Amino acid sequence: MCGIIGAVAQRNVVPILLEGLRRLEYRGYDSAGLVVINKGLQRVRSTGRVAELAAQIGRQKTHGHLGIAHTRWATHGGPTEDNAHPHVSTNSIAVVHNGIIENHEALRTRLKSLGYDFASETDTEVIVHLIHFYYQASRDLLVAVRAAVAELQGAYAIGVVSAEAPHQLIAARRGSPLLIGVGIEENFIASDVSALLPVTQRVIYLEDGDIADIGLLGIRIFDAEGRPVERGEHVSELSADMAELGNYRHFMQKEIHEQPRAIADTLLAGVTTHSVLPGIFGPQAEDVLGKINGVRILACGTSFHAAKVAEYWIESLAGLPCRAEVASEYRYRNSVADPDTLILTLSQSGETRDTIDALIQAKKLGHKHSLAICNVPESALVRASELKFLTRAGPEIGVASTKAFTTQLVALFLLALVLGRLHGRVSVAQEKSWLDQLRELPGLVGQALALEPEISAWAERFADKHHALFLGRGAHYPIALEGALKLKEISYIHAEAYPAGELKHGPLALVDKDMPVVAVAPNDTLLEKLKSNLQEVRARGGELYVFADQDSHFSEQDGLHLLRLPSHAGPLSPIVHTVPLQLLAYHAALCKGTDVDKPRNLAKSVTVE
Ligand code: M6R
């Protein structure tokens, strides 16, 4: 949560900072602010969106060659202008921060006793006063930042500038992401590479505990012990236009429609005509995956729903016990660890605090092996895991996760196949047949996308509802969970999902004519059972919206609306059935006029507990 960007250049950095903020806005959008050095500190802050900050800056004609900027997701203190970053100390030092300082109360008390006045309720403000305090003694910004961060407990990525050092940008991180963008006689920092793509693709990822001293011509990096270190430079594969809206109305819509391409790219990662190469999960994957005796998956939100689908696939294809668990629960549980059970973490961002801490807990409990499936290279989760697989969804900007989910599912299916083969459950011929089916997937998803006009018409009927139920069975139950999550997070319609067989054990009491019931109804072995469950709904006057397969026997009748997806896709069906639920949520949100890409109270990367 929160996005930070900074720049030191020979040109005016304000447009670079504003464009970077626009690209980081998915990380938080309660307020935004910027400081540039131009004959002293010039600060502009505004509540609300980056567009409002940009308008304010346009009126004030702010400019400068060194600056830092921030877009905020409020944790300590409400979304007011006083709480907006950058925070300043005695009008000479400014700081932007992403993370949470856990010992801020003790530091605040101490700094107050030293005479510092606090202008905000944020935890961040202690950082800037602490840096100022140490700067008084050393008159060296790098030395002051090093002394200050040594006292911080919690997570931080910070950018620091001083009015007395008009060409010096200091960056430091622990627990929150931060990278350096390398330019020609200009350099940058940002929470995420996408913010810097208009100016550079050359990036250096800072490691935990690093502090960087960044000037126009040089970058010096020091590790947690203060030793100078070299961190490798990477060239990002992303291009600036990947994070552009193009002809779409919202990023969510664009990202839903990118799924055929994203799935095809993810498959290209290491699939030959006949087999999945275990090496796609890392050089030691064949050895590690061949000897594990089970899989425990830790994830949050949408990624957790992908984990729930994988339970079905890994158990049925590989014959290994597999259990998915919400990371925020696992991290505080004394679970019984079998060292040979693989810890698999799933995350779009690779920054989710709960998932990272769950992995740390799993290692503490004795699990020997870990694999991260993630969409962001070099993210904290990827770096903390023994094995890794990078999905190729490309940048996902909409807060509601869509293409990251379906590409995670593709990665999980590949993992189930590799495990199946290494554990003697999937023959060479079977593997080839599964791969042939996987290659059909982008086309099947494309056919599901073609239902958008009909789904949009359905969505109009949801717009005035306050509640909805989603039903599925087997591996489609997690898809129902995901459909309900999508609807609630962007349309604010309360939605719950149940395994359809569970309906009669309680939730059926909720069903009446005002409760739309969405059924995920693939043509699989559970279809007849599901049909019986749907009859229970109809008998109580419930209105059913059924997503069925082309080849199943269903007829539209009173109280039952029907849309047909392509013919049944076997075990890959959950991926195809996800698409119409994403579209339903998107169009319901459009009808309700909500802010689809930036739903209230949420942020894309949840880097706090
Ligand atoms: O980046 P992650 O996949 O770890 O994020 C996990 C959840 O915060 C995320 O999936 C969230 O539930 C989305 N807003 C769902 O659309």
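Residues numbered from 1 in each chain as written. Predicted model: local features only at pLDDT ≥ 70, side-chain atom pairs only at ≥ 80, totals over all residues. Heavy atoms only, no water.

Asks: Would you mind going over the pattern of salt bridges with me for this structure?
Replies: Any two side chains of opposite charge can pair, given that their charged atoms come close. In total, this model carries 40 salt bridges according to the counting rule given. With its nearest N and O atoms 2.6 Å apart, the salt bridge here joins Arg333 to Glu325. By relative accessible area, which is 29% here, Arg333 ends up partly exposed. Put simply, Lys432 and Asp436 hold a salt bridge, and the shortest N to O gap is 3.0 Å. (Salt bridge = Lys/Arg side-chain N within 4 Å of Asp/Glu carboxyl O. Buried < 20%, exposed > 50% of the residue type's maximum accessible area, 1.4 Å probe, protein only.)

Asks: How should the packing of helix α7 (residues 259-268) against helix α13 (residues 403-422) be read in this particular structure?
Replies: When two helices pack together, their arrangement is given by the angle between their axes and by how far apart the axes lie. At a minimum axis distance of 9 Å, the contact between α7 and α13 shows a crossing angle of 30°. With respect to α13, the axis of α7 lies roughly parallel. For α7 against α13, the interelement crossing comes out right-handed. Residues Gln259, Arg261, Ala262, Ile263, Thr266 and Leu267 of α7 form the contact with α13, whose own contacting residues are Lys403, Thr406, Thr407, Val410 and Leu414. Grouping the constituent residues of the contact of α7 with α13 by class yields five nonpolar, four polar and two charged. (Axes fitted to C-alpha atoms, helices over the stretch in contact; angles between N-to-C directions. Helix = DSSP H or I, 4+ residues; strand = E, 2+ residues; numbered from the N terminus. Parallel < 35°, antiparallel > 145°, perpendicular 65-115°, else oblique. Left-handed = near helix turned anticlockwise from the far one by under 90°. Contact = heavy atoms within 4.5 Å. Nonpolar A, V, L, I, M, F, W, Y, C, P; charged D, E, K, R; others polar.)

Asks: Is there a simple way to think about the sheet that holds strand β22 (residues 494-499) in this case?
Replies: One key point about sheets: their strands pair by backbone hydrogen bonds, in either a parallel or an antiparallel sense. Read across the open sheet, the five strands follow the order β22-β21-β23-β24-β25; overall the sheet is parallel. Single-partner strands in this sheet number two, and they are β22 and β25 (560-565). Neighbour-to-neighbour, the strand axes of this sheet turn through a mean angle of 20°, independent of strand direction. Summarising the sheet, strand β21 (residues 467-472) and β22 pair through six bridges and their orientation is parallel. Along β22, the bridge assignment pairs His467 with His494. Strands in contact with helix α17 (residues 527-539) are β21, β23 (516-521), β24 (543-549) and β25; relative to β23, the strand with the most contacts, it is inclined by about 170°. (Pairing = 2+ DSSP bridges.)

Asks: Please explain empty space enclosed by the protein as it appears in this structure.
Replies: Over the atoms, a rolled probe matching the size of one water molecule traces out where space is still vacant. Scanning the entire structure with this criterion turns up one cavity of 30 Å³ or more. Its volume calculated, the largest cavity comes out at about 100 Å³. The element contributing the most residues to the lining of the largest cavity is strand β6 (residues 93-101), with three residues. Looking at the lining of the largest cavity residue by residue, the class counts come to four nonpolar, eight polar and two charged. (1 Å grid on protein atoms, 1.4 Å probe; cavity = no way out; pocket = protein on both sides within 12 Å on 5 of 7 lines; lining within 4 Å. Points joined across faces, edges and corners; volume = space filled by probe spheres on them.)

Asks: Would you mind showing me how to read the layout of surface pockets here?
Replies: One number sums up the size of the largest pocket: a volume of about 1000 Å³. Lining the largest pocket are 47 residues; nearest its centre among them are Tyr205, Leu238, Asn375, Val376 and Pro377. No other element matches strand β20 (residues 387-390), which puts three residues into the lining of the largest pocket. Looking at the lining of the largest pocket, its residues break down into 20 nonpolar, 14 polar and 13 charged. In this model, the second largest pocket occupies a volume close to 600 Å³. The wall of the second largest pocket is formed by 30 residues, among which Cys300, Gly301, Thr302, Lys604 and Val606 lie closest to the centre. Residue assignment for the lining of the second largest pocket shows that the elements contributing at least two residues are α9 (301-318), β18 (341-347), α11 (353-365), α13 and α16 (477-491). Broken down by element, the residue count for the lining of the second largest pocket peaks at four residues, all from α9. In the lining of the second largest pocket, the residues fall into 13 nonpolar, 13 polar and four charged.

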